[in-house]
Amino acid sequence: MSAMSAPIYLYTGPEAGQKNEHIAAQKEELKKKYGSSDDYTYYGTDLQMPEVLAQLMTDSLFIPATSVVIRNAEFIKDKKDIDAIASWVNSFEKNKKDSTILILVSDELKVDSKLEKLVPPANKKVFWEMFEDRKEQWLMDFFKKNGYSIQIDAVSLILEMVQNNTESLKNECSRFFMCLPAGHCITETDVEQILSHNREESAFSLFDAMLEDFNPQKKFENCLSILQKLKLSSSRESELSGTVISGLSYCFRKVALWQMLHQQNAKPSDQELKAAGFSSKTFQKQYSKAARVWTPGQVAAIEAVLAKTDVEIRSSGNVFQFTLLVLMIYEIVVKKGAYCAKYETAL
């Protein structure tokens, strides 16, 4: 941070692992500079801006520094909320106090343009998803650091099974350390036994369930079962909608990208697919199947359904959150993006 930059940061992009490590290092740097700090985390999906401002603007008698992290920052769109953050940023010009920092975090590449303008260019960073070859080395280093080795075929299988980023890889691969003795060389069989039989539900497993070869009624029931498990595993009620909607939005953007690459019966090269983030053969099969389940028009309609549901949940709060998510899944799985005025039997 330069001497004149306000202590507000914006970290975007799908690579959650490196992003979280960067945020942790920044918090640690603040603690070293001031001795200690209070850390607060909020979510853009259920933001109470007066509470956030209170933490940003109130000096503690006992703790010399404060860090405030707002995740899902792409949901900060209300003018009053953005104006409130702007007033805090402007206050820095008067007192030059950098013992309180605000970190905005999003898995998306962009947030509201008015919000982004509040962040100095030097304080913005996009964390891109790693290429597959970098993930291979990261995985081997991760196991080595924890006292294990791993066969290259096992590395490839893990990358076929685990989506997205180093945060997901770290969470999934930590299971091996609980099941296998230190010094063990991890094989494909180990990966099958440990990851296949012990996987947690996520927005991505929910997307997978939408692609299963069942009738709409069965698919809908399976999706609701996963949604219920996600609800039970969420540490905060407000996390549920943010996790589900942002995850599914990511998946359907990828479907739209796949369809665009293959429009008019085009056959993109392996290099073009890799550049677009489809280097994994499993992902290629998955999104090829998704492109057959939904037409480009239906995918666009589903993206609108996701956005509509997000707005409705933000407007109504958590009271109707689960009901609105159920309706959203119904409109995706059964109606293929069409809105429904009332519940209809899935045929």
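Preceding this paragraph is the structure being described.
What you are looking at is a predicted structure, and each value in this text was computed from that prediction instead of being measured. (Residues numbered from 1 in each chain as written. Predicted model: local features only at pLDDT ≥ 70, side-chain atom pairs only at ≥ 80, totals over all residues. Heavy atoms only, no water.)

Caption draft 1: Local environment of the packing of aromatic side chains. For the coordinates displayed, the defined rule picks out 16 aromatic pairs. Seen from their ring centres, Y9 and Y11 are 6.2 Å apart, and the 35 degrees between their planes marks the pair as tilted. Taken individually, Y9 and Y11 each receive the classification buried, so the pair is uniform in this respect. Aromatic ring contacts, followed pair by pair, group W138, F142, F143, Y148, F176 and F177 into a single cluster. The ring centre of F127 lies 5.2 Å from the NZ or CZ of K125, which sits over that ring. (Phe/Tyr/Trp six-rings, centres within 6.5 Å; stacked < 30°, edge-to-face > 60°. Buried < 20%, exposed > 50% of the residue type's maximum accessible area, 1.4 Å probe, protein only. Lys NZ or Arg CZ within 6 Å of the ring centre and 35° of its normal.)

Caption draft 2: Spatial organisation of the sheet that holds strand β2 (residues 38-43). Sheet architecture is open: five strands sit in the order β2-β3-β4-β1-β5, paired in parallel fashion. The sheet is open, and its two borders are formed by β2 and β5 (124-126), each paired with just one other strand. The average undirected angle you get between the axes of adjacent strands in this sheet is 15 degrees. In the sheet, strand β1 (residues 8-12) pairs with β5 via three bridges, with the strands oriented parallel. Among the inter-strand pairings, Y11 is bridged to a residue of β5, identified as K125. With respect to the sheet, helix α2 (residues 49-57) is in contact with β2, β3 (66-71) and β4 (100-105), its orientation differing from that of β3 by roughly 155 degrees. Against the sheet, helix α3 (residues 79-95) contacts β1 and β4, and its axis sits at roughly 140 degrees relative to β4. (Pairing = 2+ DSSP bridges. Helix = DSSP H or I, 4+ residues; strand = E, 2+ residues; numbered from the N terminus. Axes fitted to C-alpha atoms, helices over the stretch in contact; angles between N-to-C directions. Contact = heavy atoms within 4.5 Å.)

Caption draft 3: Looking closely at the environment of Y287. Residue position: Y287 is located in helix α13 (residues 281-293). Assessed through its relative accessible area of 1%, Y287 is described here as buried. Between the alpha carbons of Y287 and I76 there is a distance of 30 Å; along the sequence they are 211 residues apart.

Caption draft 4: Molecular detail of the nonpolar core. F207, M210, L248, F252, W294, M328 and I332 are the most contacted members of the largest nonpolar core, which has 43 residues in total. Of all the secondary-structure elements, those providing two or more residues to this core are α9 (203-210), α10 (216-233), α11 (237-261), α13, α14 (296-316) and α15 (321-333). Per-element tally for this core: the top contributor is α11, with nine residues. For L248, the contacting residues outside a window of four places in its chain are A203, L206, F207, M210, L306, M328 and I332. Within the second largest apolar cluster, 26 residues are counted, among which are I8, V52, V89 and L102. (Core = buried A, V, L, I, M, F, W, Y, C linked by side-chain atoms within 4.5 Å.)

Caption draft 5: Looking closely at the pairing of β3. The buried count for β3 comes to five of six residues, which makes it a mostly enclosed element. When β2 meets β3, the two strands line up parallel, connected through six bridges. Bridge pairing links Y43 to R71 in β3. In this sheet, β4 lies alongside β3 in parallel orientation, the contact comprising five bridges. Bridge assignment links T66 to a residue of β4, and that residue is T100. On the question of chirality, the crossover connecting β3 to the parallel β4 by way of α3 is right-handed. (Right-handed = clockwise from strand over helix to strand, strands pointing away.)

Caption draft 6: View of a nonpolar patch on the surface. Together, L109, V126 and W128 make up an exposed nonpolar region whose accessible area comes to about 310 Å². If you trace the backbone, V126 turns up in strand β5. Under the relative-accessibility criterion, V126 is labelled partly exposed at 34%. (Patch = residues over 30% accessible without salt bridge, like charges linked within 9 Å, V, L, I, M, F, W, Y side chains within 5 Å. Areas by Shrake-Rupley, 256 points an atom, 1.4 Å probe, with all protein chains shown as cover. Salt bridge = Lys/Arg side-chain N within 4 Å of Asp/Glu carboxyl O.)

Caption draft 7: A look at the side chain of S91. With respect to the helices and strands, the residue S91 is situated in helix α3. Of note is the side chain of S91, whose polar atom sits 2.5 Å from the backbone oxygen of W88. (Polar contact = N/O pair within 3.5 Å; in protein donor to acceptor, adjacent residues only side chain to side chain.)

Caption draft 8: Spotlight on the packing of α14 against α15. Where α14 contacts α15, the axes come no closer than 10 Å and their chain directions differ by 170 degrees. Taken as axis vectors, α14 and α15 run roughly antiparallel relative to one another. Here α14 contributes I302, V305, L306, K308, T309, E312, I313 and S316 to the contact with α15, which in turn contributes Q321, L324, L325, M328, E331 and I332. Grouping the amino acids of the contact of α14 with α15 by side-chain chemistry returns eight nonpolar, three polar and three charged. (Parallel < 35°, antiparallel > 145°, perpendicular 65-115°, else oblique. Nonpolar A, V, L, I, M, F, W, Y, C, P; charged D, E, K, R; others polar.)

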